[in-house]
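Structure assessment
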Amino acid sequence: MIAAPLLLLAVMAAPRADMCGVCHSDVRVTFDSSVHAVEGIRCSSCHGGDPTATTVPGAHRGDFRGVPRRRDTPALCAACHADVGRMRPYNLPTDQLALYQTSQHGRLLAKGDERVAVCTDCHGVHDIRRRSDPQARVFPPNIPKTCSACHADAALMAGYGRKADAYGDYAASVHGKALLEKGDR
């Protein structure tokens, strides 16, 4: 019977794989329900640092990046999402960075405009969910509202010479009515 208590002590004494949530508990709660957490992606995958450290200086050493810069976000996400071997088990496309770079958002970001949408604006930061999840920002019926987070911002859109009622225009269109009123994807 001595073996069980010794095993418990060994587990308690071993450093946890991800101590980041101790200080960042609000983020941890959100992240724990994300697809990345479910698939074993850890905080240090995006933020760097030492996830086993028990002090702030220890955690924020080495390759610690903190909050990625907006302009770096697409490449950071692509570090995994453009890897065919990593995405094959999930049957996810690996050309999303290339597609983003040819989009209006991507072209403007390449010119230094950091007001444009990057991956986290559409997919979330710590609360990323599968596209099939009705709570996901990219669940097809949610996409118009996701886009309107920026496209309904009058000040932001004025800077591009665009009106800020893209959602209203889309909702009134035949496509918007089919999706939003009839659930036709």
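Model, not experiment: these values are computed from the prediction.

The next point concerns the overall build of the protein. Broken down by element type, the protein carries 15 helices and 0 strands. For a compact globule of 185 residues, the expected C-alpha radius of gyration is about 16 Å, and the protein comes in at 21 Å, more than 25% above that figure. Each principal axis of the C-alpha distribution contributes one length, and for the protein these read about 70 × 40 × 30 Å. For the protein, with 185 residues in total, the buried portion stands at 21%. Long-range pairs, those at least 24 residues apart, make up 40% of the contacts in the protein with a sequence separation of at least 6. As displayed, the protein offers around 12400 Å² of accessible surface, 60% of which is attributable to carbon and sulfur atoms. One way to put it: in the protein the 23 positive side-chain charges average out to a point 2 Å from where the 19 negative ones average out.

Time to look at the pattern of salt bridges. Close approach of charged atoms allows side chains of opposite charge to pair. Counted under the stated rule, the structure contains 12 salt bridges. As a salt-bridge pair, Asp-18 and Arg-42 come within 3.1 Å of each other at their nearest N and O atoms. With Asp-18 in the loop between helix H1 (3-13) and helix H2 (20-23) and Arg-42 in the loop between helix H4 (35-38) and helix H5 (43-47), the pair connects residues that are 24 residues apart, well separated along the chain.

With respect to the helices and strands, Gly-62 occurs in the loop between helix H6 (56-59) and helix H7 (73-81). C-alpha of Gly-62 to C-alpha of Leu-179: the two residues are 117 residues apart in sequence and 48 Å apart in space.

In this section: the confidence of the model for the protein. Of the residues in the protein, 91% have a pLDDT of 70 or more, and the chain-wide mean is 90. The secondary-structure element of the protein with the lowest mean pLDDT is H1, recorded at 42, while helix H10 (residues 104-110) shows the highest, at 98. Overall, residues 1-15 carries pLDDT values under 50, and its contacts beyond four positions in sequence, including any with other chains, amount to 1 contact.

The next subject is the side chain of Ser-34. With respect to the helices and strands, the residue Ser-34 is situated in the loop between helix H3 (25-31) and H4. Since its relative accessible area comes to 1%, Ser-34 is described here as buried. At 2.7 Å, the side chain of Ser-34 forms a polar contact with the backbone oxygen of Phe-31.

What counts and what doesn't
- Residues numbered from 1 in each chain as written.
- Predicted model: local features only at pLDDT ≥ 70, side-chain atom pairs only at ≥ 80, totals over all residues.
- Heavy atoms only, no water.
- Helix = DSSP H or I, 4+ residues; strand = E, 2+ residues; numbered from the N terminus.
- Rg over C-alpha atoms; globule rule 2.2 N^0.38 Å.
- Buried < 20%, exposed > 50% of the residue type's maximum accessible area, 1.4 Å probe, protein only.
- Contact = heavy atoms within 4.5 Å.
- Areas by Shrake-Rupley, 256 points an atom, 1.4 Å probe, with all protein chains shown as cover.
- Lys, Arg positive; Asp, Glu negative; His and termini not counted.
- Charge placed at Lys NZ, Arg CZ, Asp CG, Glu CD.
- Salt bridge = Lys/Arg side-chain N within 4 Å of Asp/Glu carboxyl O.
- pLDDT = per-residue confidence, 0-100.
- Polar contact = N/O pair within 3.5 Å; in protein donor to acceptor, adjacent residues only side chain to side chain.

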